[in-house]
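# Examining the three-dimensional arrangement
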Amino acid sequence: MALQINILEDSILLMSPRRLKLSAWFEHIPFAFFLIEVLKPEIFVELGTHYGVSYCAFCQAVLELNLNTTCYAIDSWEGDPQTGYYASEVLADLREHHEPLYGSFSCLIQTKFDQALQNFKDGTIDLLHIDGYHTYEAVKHDFEVWLPKMSNKGVIIFHDINVRERDFGVWQLWNELKCQYHNFEFVHGHGLGVLAVGMDQPDNFKELLNASGYEATKIRNFFSRVGYGWKVGFSHSQNQEELAQSQKRLRTTQGELEQSQAQLHQTQEELEDSQTQLHQTQGELAYSKSQLHQTQTELHQTQGELHQTQVEFKRSQSQLHQTQGELEHSQTQLHQIQAELENSQTQLHQTQTELENSKSQLHQTQGELHQTQVEFKRSQSQLHQTQGELENSQTQLHQTQGELENSQTQLHQTQTELENSQTQLHQTQTELENSQTQLHQTQAELENSQTQLHQTQAELENSQTQLHQTQTELKRSQSQLDQTQEELAESHSQVYQSQRELEQSQIQLHQTEALLEQSQIQLHQTEALLEQSQTQLHQKQEEWNRLQTQLYQIQEKLELSQTQQHQIEAKVQQFQMQLHQTQEQLQQSQTQLHQTQEQLQQSEIQLHQTQKQLQQSEIQLHQTQGEFELSQFQQALGNDKDGQDQMQYRLFVWEACRAYHNNALTKMQECLQQSLKYTPFSGTQTVNDWLESLAKFSSEKGCEFDTYSLTNSEEWKQLMGRAVRIKPILGRSRFVEQA
C-alpha cells in the first residue's frame, strides 16, 4: 500500500517554522512535522541541539497538533571539535525563543548525554533524535547506551548519514544498522536516517518504512522539494535582511567616512603648509648655522692673530723699557762727562765772543732739533708695536753709543778747546732731558689712547717733513759754522787744532745723524707695515661686524620662523579644540536624543500599559457580559436531568460562538473540540450545527458571519479532522429527535 500524503488535509507540512536559524536541518523540518503527526510520541528526546532548529520544529508540531507529548533537549551547549566551541549566548538565545512557546511541555537540559541517562526509565522514549558528536565511536556509543530507553514503538533518527568527510562516521554506523532494522533514509540536507527499533509502529508509518523504488523516490523528492523551498526562502529573506542592514551600515559608514575624509583632507592641507614652512625654516636655519660656523671660524682666527699681536706688543714694550734703562745709564755717564767738561769751559771762554753769532744760529738749530727730537720721541712711542724694527734701532743705538764713547775719549783730550761747545752741549742735554720727560708722558698717553694713533701718524708725517727741513737748515748752519771755524782758525791759531778735533766730532755727529735718518726710514717702513696691519685689522673688524649683522638677521629670521611655527601650532591646537568642542556638542546632542528616546519609550510604555489596562477592562467587561449571557442561556436550557449532555454541548457551542465573535479562534477551537465529547450528532451533522449556531449568534449580535474565512482557517481545518471521526451516540437518540 502506498503512502498517501494530501497537502490540503495534512496542512501541518506547510507550516512556517518559527525558529529561523541557518542549519543543514532546515531541509528536514517538513518531515519532522510529518513524523510528529504520524507517531504522536509521548516522550521525545533530542541528543545534540545546538541552535535548536530541529528541536523547535518538533516542539512546534507538538504544539500545533495539541498532542500530549513531553519533549527533552540534551546538550552541553559548549561545542565540540567538529561544530566548534561557542559561548553561553547560544543557549541564552534558544531559551529566549523556547520558554514562552514550548516551556509548558518541553525542557532544555544542559548536561552530557551519558549523565542524562539516569533521568529516563528503560522503554519510555518513543522518538529519539541523535545529532551529537559525529565520529563513528561517539555515535555508536550514543546508540548503544540509549537503545534500552526506547519503547516498543520507538523510532531513532540519525542526522548527517550522508557526510563522508573529516572524521564523520555516522554513515558507517547507519550502514550497519539499516541491515538490522526497518528504516527509511533521505540523502538531502546532509542525510537523515529513520530507524524503527520498536515493533509496534502505526500503519501509515509502516507504509513509509516499506516504501521502495518509485514510491520511496517520490517521498524523498517531495520532502526534499518542500524542505529546499523553505531553505531557499529563509536564505533569501535572511540575505535581504543582511543586505538591508549592510546597506544601512554602509550608508552610515560612508557618511562618517566622507566626514572623516573631509577633516583629514583639511588637516593634511594644514599639515602640508606647516611642513612647507618648517622645511623653509630648517633650510634658513641650516644656512644661518653654516654662516655662523664660518663667522666663528674667522673670529677664532682673528682672535688668534690679535693675541699674537698683543704678545708682540708686550714684548716690544719690555724691550723698550730695557732701552730706556740703557739710555738712563748713558745719561748718567753723560753727566759725568759734563762735570769733566766744566773745567774745559773756562778755556773756551775766550772763544765765546767769536762764537756768539754761531751760538745764535746754533740756538735756532737746537730749537729745530728740539722739535725734531720731540717728534722723534713720538715716533719712538709707536715703535712699541714693532718688535723686529725696534731691535734694529737698538743695535744701531748701541753702535752710536760706542762711537759716542770714542768721541768722549777724544773729548777728554780736547776739553779745554771745547768749553764753548760743552756749554752748548749742556744746553742741548738739558733740552734732551726735557724731551725724554715728554717722551715718557707721550708713552703713557699712547698706552691709554691707541685711538689717537691715526692722528699721531698724520702728525708724524708733518714732523718728518719738518725734520727734512731741519736737516737742510742744519746742513746750512754747518756750512756757516765751517766758515766761522775758518775765521777762527785764521784769528786764533791756538784753537786750530781744537777746531779740527771739533770738526771730527761734527763729522761723527753727521754720521750719527745719518744713522738717525736710517732709523727714521726704518721707522717709516715699520709705520707703513703698522698701517697695513691696522688696515687689515679694520677690514677684519668690518667683516666681523658684517657677520654679526648677518647673524642677527639670521636669528631674527629664525625667531620669525619659530613664531610662525608657534602660530601654526596654535592654529592646530585651536582646530583640535574646535573639533573637540564639536565632538562634545555631538555627544550632548546624542545624549539629548537618547534622553528623548528614553522619554518616548517611557511614554510608549505608559501608553502600552494604559492600552493593556483598557484591554483588561474590555476583557473583564466581555467576561461579565459573557457570564451574564451564559447565566441567561443556562436558565433558558433549564435543569432537566435527562438533558445534561445537551446542556453541556450547547454551553460549549455557545462559548465557541462567543469566542468567534471576539475573534478568539483558538478559544473557539478549544470549546468546539470539548463539545465533541457531548455531541449527539454525527461528524457532518455536528459541523452543520456549529455553522448554524455561529450564524445565528452573529445575526443576534448584528455582525456578518464570514463562512469562507472561518472554514479556511487553520483552527477550523484541525477541527475538521476530529469532527469527521465522530460517530453519534445511541443513548442520545432522544436528544437527536428533539433536535
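### Quick look at the overall build of the chain
Helix and strand content of the chain: 18 helices and 9 strands. Relative to its full complement of 739 residues, the chain shows a buried share of 37%. Sequence separation of at least 24 residues holds for 82% of the intrachain contacts in the chain that already meet a minimum separation of 6.

### Observations concerning unusual backbone geometry
Positive phi, normally seen in glycine, also occurs at Asn-66, with a value near 55 degrees. Here Asn-66 is to be found in the loop between α2 (53–65) and β2 (70–75). Judged by relative accessible area, Asn-66 falls into the exposed class, the value being 52%.

### Digging into helix α13 (residues 644–661)
Between its first and last C-alpha atoms α13 spans 25 Å; for 18 residues at 1.5 Å apiece the expected length is 26 Å, and the two agree. Of the positions making up α13, those classed as buried are Met-647, Tyr-649, Arg-650, Leu-651, Phe-652, Val-653, Trp-654, Ala-656, Cys-657, Arg-658, Ala-659 and Tyr-660. Just downstream of α13 lies Asn-663, where phi reads positive at about 65 degrees.

### With respect to the pairing of strand β1 (residues 43–47)
For β1, the tally of buried residues reaches 5 of 5 residues, placing the bulk of the element in the interior. For β1 and β2, the ladder comprises 5 bridges, and the chain directions are parallel. Residue pairing for β2: Phe-44 is matched across the bridge by Cys-71. In the classification by handedness, the crossover that spans β1, the intervening α2 and the parallel β2 is right-handed. Relative to strand β6 (residues 125–130), β1 runs parallel, the two being bridged by 4 bridges. Bridging from a neighbouring strand, Leu-47 pairs with Ile-130 of β6.

### A closer look at the pattern of salt bridges
Summed over the entire model, instances satisfying the criterion amount to 4 salt bridges. For the salt bridge of Arg-95 with Glu-99, the shortest nitrogen-to-oxygen distance reads 3.8 Å. Of the two residues, Arg-95 and Glu-99 are both situated in helix α3 (residues 89–102); the distance of 4 residues between them amounts to about one turn of the helix. When its relative accessible area of 37% is taken as the criterion, Glu-99 is described as partly exposed. Notably, a salt bridge pairs Arg-650 with Asp-689, separated by 3.3 Å at the nearest N-O pair. Of this pair, Arg-650 sits in helix α13 while Asp-689 is found in helix α15 (residues 683–700), placing the two residues 39 residues apart along the sequence.

### Re the sheet that holds β1
An order of β5-β2-β1-β6-β7-β9-β8 is seen for the 7 strands of this open sheet, with the pairing classed as mixed. The sheet terminates laterally at β5 (106–110) and β8 (182–186), the two strands that pair on one side only. Pairs of neighbouring strands in the sheet enclose a mean axial angle of 15 degrees, with direction left out of account. Judged from the 5 bridges that link them, strand β7 (residues 150–159) and strand β9 (residues 192–196) form a sheet pairing that is antiparallel. Considered in β9, the bridge of Phe-158 is made with Gly-193. Here helix α5 (residues 170–177) sits on the sheet and contacts β7, β8 and β9; the angle it forms with β7, its principal contact strand, is near 145 degrees.

### Concerning the packing of helix α4 (residues 136–146) against α5
With their axes 8 Å apart at the nearest point, α4 and α5 run at an angle of 45 degrees to one another. Considered as vectors, α4 and α5 are oriented oblique to each other. Across from Tyr-136, Val-139, Lys-140 and Phe-143 in α4, the residues of α5 making contact are Val-170, Gln-172, Leu-173, Glu-176 and Leu-177. Taken together, the residues of the contact of α4 with α5 sort by class into 6 nonpolar, 1 polar and 2 charged.

### Observations regarding the confidence of the model for the chain
Per-residue confidence for the chain averages 76 on the pLDDT scale, and 69% of its residues sit at or above 70. Confidence drops under pLDDT 50 across residues 730–739; counting only partners more than four residues distant or on other chains, this segment forms 12 contacts.

### Some remarks on the packing of α13 against helix α14 (residues 665–675)
Where α13 meets α14, the axes come as close as 8 Å, and the angle between the chain directions of the two elements is 170 degrees. For the element pair α13 / α14, the angle class is roughly antiparallel. Read as a crossing pair, α13 and α14 show a hand that is left-handed. Between α13, through Tyr-649, Phe-652, Val-653, Glu-655, Ala-656, Ala-659 and Tyr-660, and α14, the contact on the second element is made entirely by Leu-665, Lys-667, Met-668, Cys-671, Leu-672, Gln-674 and Ser-675. Here the residues of the contact of α13 with α14 sort into 10 nonpolar, 2 polar and 2 charged.

Parameters and conventions
Residues numbered from 1 in each chain as written. Predicted model: local features only at pLDDT ≥ 70, side-chain atom pairs only at ≥ 80, totals over all residues. Heavy atoms only, no water. Helix = DSSP H or I, 4+ residues; strand = E, 2+ residues; numbered from the N terminus. Buried < 20%, exposed > 50% of the residue type's maximum accessible area, 1.4 Å probe, protein only. Contact = heavy atoms within 4.5 Å. Expected span 1.5 Å × (residues − 1). Pairing = 2+ DSSP bridges. Right-handed = clockwise from strand over helix to strand, strands pointing away. Salt bridge = Lys/Arg side-chain N within 4 Å of Asp/Glu carboxyl O. Axes fitted to C-alpha atoms, helices over the stretch in contact; angles between N-to-C directions. Parallel < 35°, antiparallel > 145°, perpendicular 65-115°, else oblique. Nonpolar A, V, L, I, M, F, W, Y, C, P; charged D, E, K, R; others polar. pLDDT = per-residue confidence, 0-100. Left-handed = near helix turned anticlockwise from the far one by under 90°.

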